[in-house]
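Chain residues, written in single-letter form:
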Amino acid sequence: MDQKPFKVIIVGGSIAGLSLALMLERNGIDFVILEAYPSIAPQVGASFAVLPNGFRILDQLGCYETVLETAQYPVDKFHFRDSQGKSFWTFDNFNEASLRRHGYPIAFLDRRMVIEILYEKIQDKSKVITSQRVESIENGSLSATVTTTTGKTYTGNMVIGADGIHSKVRQEMWKAAKKIDPTWIGPKEESALPATYACIFGISKGVEGIEKGTLSSVFNENFSYLIASGPSDLTYWFLVRNMGTTYYGADIPRFTKEEETEFAKEHFNDQVTPTLKYSALYETKIASVYSTLPEYVYKKWHFQRTMTIGDASHKFEPLTGQGGNNAMETAASLTNHLVAALKNCQSGTLSSAEITKIFESVQKEREDRAWGLIRACHNRQRLECMETPVLKFMAKHVVSHYPKSLVLGKWIDTYSPAVSLNMLPLPHRPREIAYFDERFRTPTSRGAASIMLYAVYFFLAWLGHRQLSTALRANGTMGFVRQALQSQSVLLPEGVETPLRQVYTGIGPVDLFLRIIVTIFLPTVANFSAPEQPLQVLYFLAFMLPIIAILTVEGFRPRNKWTLLAIPSIWAFLYQLRGIGMIAPLCFASSTYISSHISYFTPSTRTLPESTARAILPALVLGFIVPTIMLFFPLADALNTRQVFIALWQPAPIYVVVLTQIFSRVIKSIGWGTPAQADTTAAEGESNRDIAHLQTLYAVAGGVAACFHVALLLTWATSGTDFITKAFIPSDAFAQVATLADGVFVFFQNDFLLAAAATLLWCLASVWDLYRLGVSNVSWQVGLAGLILGSVAIGPGATAAAVWYWREEVMSRTYFLRHGPVSSSTKSV
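Residues numbered from 1 in each chain as written. Predicted model: local features only at pLDDT ≥ 70, side-chain atom pairs only at ≥ 80, totals over all residues. Heavy atoms only, no water.

Undergrad: Report on the state of the cysteines, specifying residues and quantitative values.
TA: Counted by the stated rule, this structure contains zero disulfides. Between Cys587, a free cysteine, and Cys763, which holds the nearest cysteine sulfur, the sulfur-to-sulfur gap is 12 Å. Its relative accessible area of 2% is what places Cys587 among the buried residues. (Disulfide = S-S within 2.5 Å. Buried < 20%, exposed > 50% of the residue type's maximum accessible area, 1.4 Å probe, protein only.)

If you want it as structure tokens, here you go:
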């Protein structure tokens, strides 16, 4: 943008201050940095972990390659270690996972190195002035003036305090607020800053036994270590201890160098690896600092024309490395809002009210995220210090069993909501998971709507129990079944007594169960109580085809492992036993619950091994379609043989799952499918090979269901509305039925309607999930209209298949741009 008469005074040449200066310079906004120290990058003994959320901003500022080259060794292996230094949980290929999922690595280097890189990127270095410690700040109606201890004054339109936890800018801001608006700063805010932990930060040189590219957390009771390899022969380390109490405000202690040495010597014999003691780190240190670790987000970050950013507004503990990275995020947020405001103003300057609005917008955007990350860091520190019996038990017996998917899911929560500069182009880095600001919209939770969603699911399940199980007994249908079992024959609609087959497997309880099932189903497939019943039964079975296909696919998805969706055979058994109208709502409610979090929609966890994707369609044909055809196939000795086919048909959905497993192994053994990717590490380019096979599956299953729907529509056209009404709209389910066939007909009518309603609700929830997560632009309103139109045009079963066909492609997208998504199947990223 063009140079405008607007100037920002930045207090503090920290990472927050320098990154903000560089952002302003890129946008043609004037600034000056006032740094209290004589040099811009003093060695203070601190390291800096650059995380993907910080790297993305540095990439926009042109610093990424330099930082990465300086760091030399990105983290490639992460260990949790016990008090003897032994690794009990390891994340190998850490760097590959970080790059693939979020586009950037995690790297450690000196804090001063990052500051130097930022400083070198600033074009006009005359605007960075050292040895200028702030004495006072005066806010005026049109400007603010900063006076330093050297007597110099600097005037600008706003003052930004990037001067750390003991911020002079914050003190001046509070002083001004007390004079003008005593209610602005809460009376307890000055003493609210808490510190529970203290830490020795150290940089050592020439330590042997620390593998390059490693990061280790060492668990101990009431203290812990974080050890990271650095560039060249540097090692960064943190010895953190719980101080035994939480100090606040002015009571927070400060430590001398003697106290640091005394504390360090107490831990010299601690094993930080099986071959390395802490003494080796401390005795080779080239810099160290012993300090408390305040953790807090201040309630007010601004007043009039003054604002604080970085540690001055939100102070992190160092364990997760988010302090500096979030300082850059807040600087980016401030730049975004300031640039937008300047573009919209005519005079080139901003009023106090307009500046206050900018500051309010920044704090609103950043406050909750900062608090969430600070609390997460605090909880992890408590775990690594094993501060309670429960945490000690978890550390010793639970953490070692953490699935990597849990960690990867936490990465999404940590990195994806990050702020970037919305006026600078996003660098073209391959990444599987889009950051929130790269999506169609910022992801949101389901909120209170989820309660309504589950309420409808459970209402349908209750209604299924009422209309199916309870009504079956109340209307006399089960009485006919008992009568048939006692007489060992079933009365078909034309009045013919048909003997019931007594033996199927030779196992008494199993044969009894099968006789009950055959008694119920025989009138449905052997003869019919009404001319509408054949079409209703065939339509229902065709509707089931896509549902079985979808549930089988979901059962084999990596992301559904260890969830209720991973057992489609159990669901199949239940809905064949109790009716899908009752069980489907419970199954779909489980799916909706499992898919509530954004991490569920990670593209690689969507992916099936290609061999499995190939196997499902033939398994569906042989496991469900063929047995279903045999139910109606004309045979000699039809009634006796048909009873066998009815018994064999009952586990048909389970056959599909079993055959999928068998066919998948065969396909893999002969080299027709790509191998499954371990855990969630499907490689870019291989992760979507299953899509064509799955979409063929949905097209075939949906096409069959659609054909029966067309047949239904043609029948409606030729036979009139009454035919359709009689076929699909049940009479009173509790009214006494005249025959067993009548009772079964009413049962299937209710079963189908409830299953169709639950399926469409599930589809609607799926469409909405992709919209609320910013993956799709199809809103729930558009989705609802599409589901209604689809149900009328091609039927609910085919509509469900169509939704999953579309959903598969949407979920496979691995990168998004602010102007819209790019599918990895169409563009290499």
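Undergrad: Now, about a negative patch on the surface: what can you tell me, with residues and values included?
TA: Taken together, the side chains of Glu258, Glu259, Glu262 and Glu266 present a region of like negative charge at the surface. Within the fold, Glu258 resides in helix H7 (residues 257-266). Owing to a relative accessible area of 60%, Glu258 belongs among the exposed residues under this scheme. (Patch = residues over 30% accessible without salt bridge, like charges linked within 9 Å, V, L, I, M, F, W, Y side chains within 5 Å. Areas by Shrake-Rupley, 256 points an atom, 1.4 Å probe, with all protein chains shown as cover. Salt bridge = Lys/Arg side-chain N within 4 Å of Asp/Glu carboxyl O. Lys, Arg positive; Asp, Glu negative; His and termini not counted. Charge placed at Lys NZ, Arg CZ, Asp CG, Glu CD. Helix = DSSP H or I, 4+ residues; strand = E, 2+ residues; numbered from the N terminus.)

Undergrad: Describe the sheet that holds strand E18 (residues 285-294), and please don't skip the residues or the numbers.
TA: The strand order E5-E4-E13-E14-E15-E12-E18 describes an open sheet built from seven strands, whose pairing is mixed. Strand pairing shows two members of the sheet lacking a second neighbour, strand E5 (87-91) and E18, which therefore form its edges. On average, each strand axis in the sheet is tilted by 15° relative to the strand beside it, whichever way the strands run. In the sheet, strand E4 (residues 77-81) pairs with strand E13 (residues 214-219) via five bridges, with the strands oriented parallel. Bridge assignment links Lys77 to a residue of E13, and that residue is Thr214. (Pairing = 2+ DSSP bridges. Axes fitted to C-alpha atoms, helices over the stretch in contact; angles between N-to-C directions.)

Undergrad: So what's going on with the UniProt feature "domain: FAD-binding" (unreviewed entry) in the chain? Residues and values would help.
TA: The UniProt entry lists residues 7-173 and 257-352 under the feature "domain: FAD-binding" (unreviewed entry), expressed in the numbering used here. Taken end to end, residues 257-352 comprises 42% helix and 25% strand; its first and last C-alpha atoms sit 45 Å apart. (UniProt positions renumbered as here; feature names shortened; annotations may be inferred.)

Undergrad: An account of the domain arrangement of the chain is requested, with residue identities and associated values reported.
TA: Along its sequence, the chain is carved into domain 1 (7-438) and domain 2 (448-671 + 690-812). Each of domain 1 and domain 2 has a C-alpha centre, and the two are 54 Å apart. In this assembly, eight residues from domain 1 lie in contact with six residues from domain 2. Buried area between domain 1 and domain 2, both sides added, is near 500 Å², and the carbon and sulfur share of it is 64%. When the area that domain 1 buries against domain 2 is broken down by residue, the three leading residues are Ile412, Asp413 and Glu432, summing to 64%. Viewed at the interface, domain 2 and domain 1 are joined by zero salt bridges. Seen at the junction of domain 1 and domain 2, the total is two residue pairs in polar contact (both at pLDDT 80 or more). Sorting the residues of the side of domain 1 that touches domain 2 by element identifies helix H4 (94-102) and helix H12 (404-415) as the ones contributing at least two each. It is H12 that provides the largest number of residues to the side of domain 1 that touches domain 2, a total of three residues. Of the residues contributing to the side of domain 1 that touches domain 2, the split by class is three nonpolar, one polar and four charged. (Domains from an automatic or database assignment. Contact = heavy atoms within 4.5 Å. Buried area = accessible area lost by both parts, 1.4 Å probe. Polar contact = N/O pair within 3.5 Å; in protein donor to acceptor, adjacent residues only side chain to side chain. Nonpolar A, V, L, I, M, F, W, Y, C, P; charged D, E, K, R; others polar.)

Undergrad: Outline the UniProt feature "transmembrane region" (unreviewed entry) in the chain, supporting the account with residue identities and numerical values.
TA: When the UniProt feature table is mapped to this numbering, "transmembrane region" (unreviewed entry) covers residues 447-465, 537-553, 573-594, 615-636, 648-667, 697-717, 752-771 and 783-806. Taken end to end, residues 648-667 has its terminal C-alpha atoms 26 Å apart, with 90% of it in helix and 0% in strand. Summarising residues 783-806: 92% helix, 0% strand, and an end-to-end C-alpha distance of 12 Å.

Undergrad: Lay out the pairing of strand E11 (residues 158-161) in plain terms, naming residues and giving numbers.
TA: Because side chains alternate across E11, one face comprises the buried residues Met158 and Ile160, and the other comprises Val159 and Gly161, equally buried. Sheet topology places E11 next to strand E21 (residues 306-308); three bridges connect them, and they run parallel. The residue of E21 that forms the bridge with Val159 is Thr306.

Undergrad: For the nonpolar core, give the residues involved together with the corresponding values.
TA: Counting residues in hydrophobic clusters, the biggest one holds 137 residues, and the most contacted among them are Tyr278 and Leu338. Once residues lying within four places of it in the same chain are set aside, the contact partners of Leu338 are Phe6, Val8, Leu24, Ile29, Met158, Leu350 and Ile358. (Core = buried A, V, L, I, M, F, W, Y, C linked by side-chain atoms within 4.5 Å.)

Undergrad: I'd like a rundown of the packing of aromatic side chains, residues and numbers included.
TA: Going through the model one piece at a time under the given rule, you end up with 44 aromatic pairs. When the centroid spacing of 5.1 Å and the interplanar angle of 90° are considered together, the rings of Tyr296 and Tyr298 count as edge-to-face. The exposure classification of Tyr296 matches that of Tyr298, with both residues buried. Ring plane angle 80° and centroid distance 5.8 Å describe the contact between Phe747 and Phe748, whose orientation is recorded as edge-to-face. Take Phe748: its relative accessible area is 10%, and that puts it in the buried class. One aromatic cluster in this structure is built from Phe521, Tyr539, Phe540, Phe543, Phe624, Trp649, Phe728, Phe747, Phe748 and Phe752. One cation-aromatic arrangement involves Arg241 over Phe263; the distance from NZ or CZ to the ring centre is 5.4 Å. For the cation-ring pair, Arg772 lies above Trp768, with the distance from its terminal atom to the ring centre recorded as 5.9 Å. (Phe/Tyr/Trp six-rings, centres within 6.5 Å; stacked < 30°, edge-to-face > 60°. Lys NZ or Arg CZ within 6 Å of the ring centre and 35° of its normal.)

Undergrad: Account for the pairing of strand E15 (residues 234-248), with residues named and values stated.
TA: Pairing of strand E12 (residues 194-205) with E15 involves 11 bridges; the strand directions are antiparallel. Along E15, the bridge assignment pairs Tyr197 with Asn242. Bridge count for strand E14 (residues 223-229) against E15 is seven bridges, and the pairing is antiparallel. Note that in E15 the partner of Phe223 across the bridge is Arg241. Connecting the antiparallel pair E14 and E15 is a turn made up of four residues, with Ser232 showing a positive phi of about 55°.

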